[in-house]
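Listed below are the residues making up each chain.
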Amino acid sequence: MTDPSTSSRTAGTVLVAGVGGVIGRHAAIEHARRGHRVVGVSRRRPSDLPEGVEHRAVDLSSPGALDGVDDVTHLVFAAYVEAGPPAALVAPNVALLEGALDLAQRHGRLQHVTLYQGGKAYGAHLGAFRTPAKESDPRLLAPNFYYAQEDVLRGRGERDGFAVTMLRPEAVIGYATGNPMNLLMAVAAYGTVCAATGTPLAFPGTREAYGALYQSTDAELLGRATVWAGESPAADGEVFNVTNGDQYRWENLWPRLADAFGVDVGHPLRTPLVDAMADKEPVWRRLVDRYGLRPTPWDDLVQWPFADFIWSSGFDNVSSTVKLRQAGFGECLDSEDRYVELLERLRAERVLPPRGARA
């Protein structure tokens, strides 16, 4: 990994757009850990704003001013708005990016912008795609807001003299509630409800998905990759796949997850969690009260349609990280171990009840 002390670019204030989400939160944490001033912007103040991160309530569709901020050098763009089908996502998400760029440039001399993309760049939302996916793979014909944002960002960077990097994680896992693309919290909530009700942990997706190869990106690793991208000239103008560097099959991981929740492994059975979890809020409230957990609203804990989509995708989802390693960021993690470790951390932080807790 590139040594930040030898970098030709030093962060002043880092502006993180979308600091309440799992990606923005961990990018902010990592920048703050490095001693950078971090200002996170979102419409609402996160309920658990990371230590060392300032917050400004900003609507990026019509951003105002950032009081007391005049030296923004880095923008980390992790904001997203859900607006329906792919074509409808383009305009509002491009507008968010442009609003964040305008805000950053009004309050400093912008040097670098990190933009996050994902598997949709390769068509993971459409069906089976070429694997391992590589950054050099051609764009698809279907509308995609990732492409539109990247084009806008590259154009602004060339015009205004700042560097850009696009990072493509997949199935980011880490603690942050209210984020529609956080598979860890789906695993955590589903397993917790199974334990609380004395139900075996059955894989709720398709048999094809149970046996397919999958990959994840640890949010902390992604945060470190974000800092690296902002500091390293090797990342300028580039697109990088960022995953833990390994693949796993749910059929192999599932017994470890069942053990982590203190329940038996159930027989795989297609069970849409949008429906199965619709009446489980009382179970969650009892657990929160009985074990003194953080009072996270059930509706903010997980977005079940995302979990249903992932666990119904019966094809290999694998992207190559060779380009990233060759550029100088060589960190990798064991995804199966990280799921178990992160579940234990959520228990230690009283986000989840103890292993095997009954409601």
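Anything mentioned here points back to the structure above.
Values in this document were obtained by computation on a predicted structure and should not be read as measured data. Counting starts from 1 at the beginning of each chain's written sequence and moves along it residue by residue. Totals for whole chains, interfaces and linings use every residue, but because this is a predicted model, local features are given only for residues with pLDDT of at least 70 and side-chain atom pairs only at 80 or more, for both listing and counting. Heavy atoms from the whole structure form the basis of all side-chain values; hydrogens and water molecules are not counted.

1. Considerations on the overall build of the chain
Next up, step 1: Secondary structure elements are taken from DSSP: a helix is a run of H or I of four residues or more, a strand is a run of E of two residues or more, and numbering for both begins at the N terminus. Helix and strand content of the chain: 13 helices and 11 strands.
Next up, step 2: For 359 residues, the compact-globule estimate of 2.2 N^0.38 gives 21 Å, and the chain sits close to it at 20 Å.
Next up, step 3: Judged by the C-alpha coordinates and their principal axes, the chain covers about 60 × 45 × 40 Å.
Next up, step 4: Within the chain, buried positions represent 56% of all 359 residues.
Next up, step 5: Any two residues having at least one pair of non-hydrogen atoms within 4.5 Å are treated as being in contact. Within the chain, contacts between residues at least 6 apart in sequence are counted, and of these 79% link residues at least 24 apart.
Next up, step 6: Throughout, the Shrake-Rupley method with a 1.4 Å probe supplies accessible areas, and for residues the shown protein chains are the sole cover considered. Accessible surface, the chain: about 14700 Å² in total, of which carbon and sulfur atoms supply 50%.
Next up, step 7: Note on charges: Lys and Arg go in the positive column, Asp and Glu in the negative column, and His and the chain ends are not counted at all. Lysine's charge is taken at NZ, arginine's at CZ, aspartate's at CG and glutamate's at CD. Here the chain contributes 37 positive and 44 negative side-chain charges, whose respective centroids are spaced 2 Å apart. The size measure is the radius of gyration over C-alpha atoms, and the globule rule it meets is 2.2 Å times the number of residues to the 0.38 power. Only protein chains enter the accessibility calculation, which uses a 1.4 Å probe; a residue whose area is less than 20% of its type maximum is buried, one above 50% is exposed, and one in between is partly exposed.

2. Digging into the packing of aromatic side chains
Next up, step 1: Between 30 and 60 degrees the pair is tilted, below 30 it is stacked and above 60 it is edge-to-face, where a pair is any two Phe, Tyr or Trp rings, Trp via its six-membered ring, whose centres lie within 6.5 Å. With the rule as written, the count across this model stands at 20 aromatic pairs.
Next up, step 2: Relative to Phe145, the ring of Tyr80 has its centre 5.6 Å away and its plane inclined at 40°; by these criteria the two rings are tilted. Taken together, the residues Tyr80 in the loop between strand E4 (72–77) and helix H2 (86–106) and Phe145 in helix H3 (residues 145–160) connect sequence positions 65 residues apart.
Next up, step 3: Using a relative accessible area of 29% as the deciding quantity, one classes Tyr80 as partly exposed.
Next up, step 4: Note on Trp228 and Phe240: the rings are 5.5 Å apart at their centroids and 65° apart in plane angle, and the pair reads as edge-to-face. Residue Trp228 is located in helix H6 (residues 219–231), and its partner Phe240 is located in strand E10 (residues 238–241); the two are separated by 12 residues in the primary sequence.
Next up, step 5: Here the aromatic residues Tyr190, Phe203, Tyr210, Tyr214, Tyr248, Trp250, Trp254, Trp311 and Tyr339 are joined through ring pairs into a cluster of three or more.
Next up, step 6: Two thresholds decide whether a charge sits over a ring: the Lys NZ or Arg CZ must be within 6 Å of the ring centre and within 35 degrees of the ring normal. Seen from the ring of Phe240, Lys323 lies directly overhead, with NZ or CZ sitting 5.3 Å from the centre.

3. Comments concerning the side chain of Asp246
Next up, step 1: Summarising the element assignment, Asp246 is placed in the loop between E10 and strand E11 (248–249).
Next up, step 2: Comment: no salt bridge for buried Asp246; closest opposite-charge side chain is Arg256, at 8.8 Å.
Next up, step 3: A polar side-chain atom of Asp246 sits 2.6 Å from a polar atom in the side chain of Ser335. Any carboxyl oxygen of Asp or Glu that lies within 4 Å of a side-chain nitrogen of Lys or Arg is treated as forming a salt bridge with it. The term polar contact refers here to a pair of N or O atoms within 3.5 Å; inside protein, the definition further demands a hydrogen-donor-capable atom paired with an acceptor-capable atom, and it admits residues adjacent in sequence only when both atoms are side-chain atoms.

4. Comments concerning the sheet that holds E10
Next up, step 1: The seven strands lie next to each other as E3-E2-E1-E4-E5-E6-E10, forming an open sheet whose pairing is parallel. At either end of the open sheet lies a strand with only one pairing partner, and these are strand E3 (53–57) and E10. Geometrically, the sheet is characterised by an average inter-axis angle of 20° between neighbouring strands, direction not taken into account.
Next up, step 2: We call two strands paired when DSSP finds no fewer than two bridges between them. Both strand E1 (residues 13–17) and E4 contribute to a ladder of five bridges, which runs parallel. Across the sheet, residue Val16 finds its bridge partner in E4, namely Val76.
Next up, step 3: On the sheet, H6 packs against E4, strand E5 (112–116), strand E6 (163–168) and E10 and is oriented at approximately 145° with respect to E5. Only the contacting stretch of a helix is used when fitting its axis, a line to C-alpha atoms as for every element, and angles between N-to-C directions run 0 to 180 degrees.

5. Overview of the pattern of salt bridges
Next up, step 1: All told, the structure shown has 27 salt bridges when counted by the stated rule.
Next up, step 2: As a salt-bridge pair, Arg294 and Asp48 come within 3.6 Å of each other at their nearest N and O atoms. Taken as a pair, Arg294 in the loop between helix H9 (281–291) and helix H10 (298–301) and Asp48 in the loop between strand E2 (37–42) and E3 lie far apart in primary sequence, 246 residues in all.
Next up, step 3: Relative accessible area serves as the criterion here: at 29%, Arg294 is assigned to the partly exposed category.
Next up, step 4: Arg224 serves as the salt-bridge partner of Glu331, at 2.5 Å between the closest nitrogen and oxygen.

6. Overview of helix H1 (residues 22–33)
Next up, step 1: By this rule, a helix spans an expected 1.5 Å times one less than how many residues it contains. An ideal rise of 1.5 Å per residue puts 16 Å on 12 residues; H1 measures up with 17 Å between its terminal C-alpha atoms.
Next up, step 2: With 10 of 12 residues buried, H1 is to be regarded as a mostly interior element.
Next up, step 3: For H1, the set of buried residues is Val22, Ile23, Gly24, Arg25, His26, Ala27, Ala28, Glu30, His31 and Ala32.
Next up, step 4: Gly35 sits one or two positions beyond H1 and adopts a positive phi of about 90°.

7. As for the pairing of E6
Next up, step 1: Across the six residues that make up E6, a large majority, six, are buried.
Next up, step 2: Sheet analysis places E5 next to E6, joined by five bridges and oriented parallel. Bridge pairing in E6 links Thr114 to Thr165.
Next up, step 3: Traced from E5 through H3 to E6, the parallel crossover comes out right-handed.
Next up, step 4: Examined bridge by bridge, E6 and E10 share four bridges and lie parallel to one another. Residue pairing for E10: Arg168 is matched across the bridge by Asn241. Looking down the strands as they point away from the viewer, one classifies a crossover as right-handed if the path from the first strand across the helix to the second runs clockwise.

8. Let's talk about the packing of H1 against H6
Next up, step 1: Where H1 meets H6, the axes come as close as 8 Å, and the angle between the chain directions of the two elements is 60°. As far as their axial angle goes, H6 and H1 are oblique. In this structure, H1 meets H6 at a crossing whose hand is right-handed. Between H1 and H6, the residues in contact are Val22, Ile23, His26, Ala27, Glu30 and His31 and Ala219, Glu220, Leu222, Gly223, Arg224, Thr226 and Val227, respectively. The labels follow the angle: roughly parallel below 35 degrees, roughly antiparallel above 145, roughly perpendicular from 65 to 115, and oblique for the rest. We call a crossing left-handed when the near helix sits turned anticlockwise from the far one by less than a right angle, and right-handed when that turn is clockwise.

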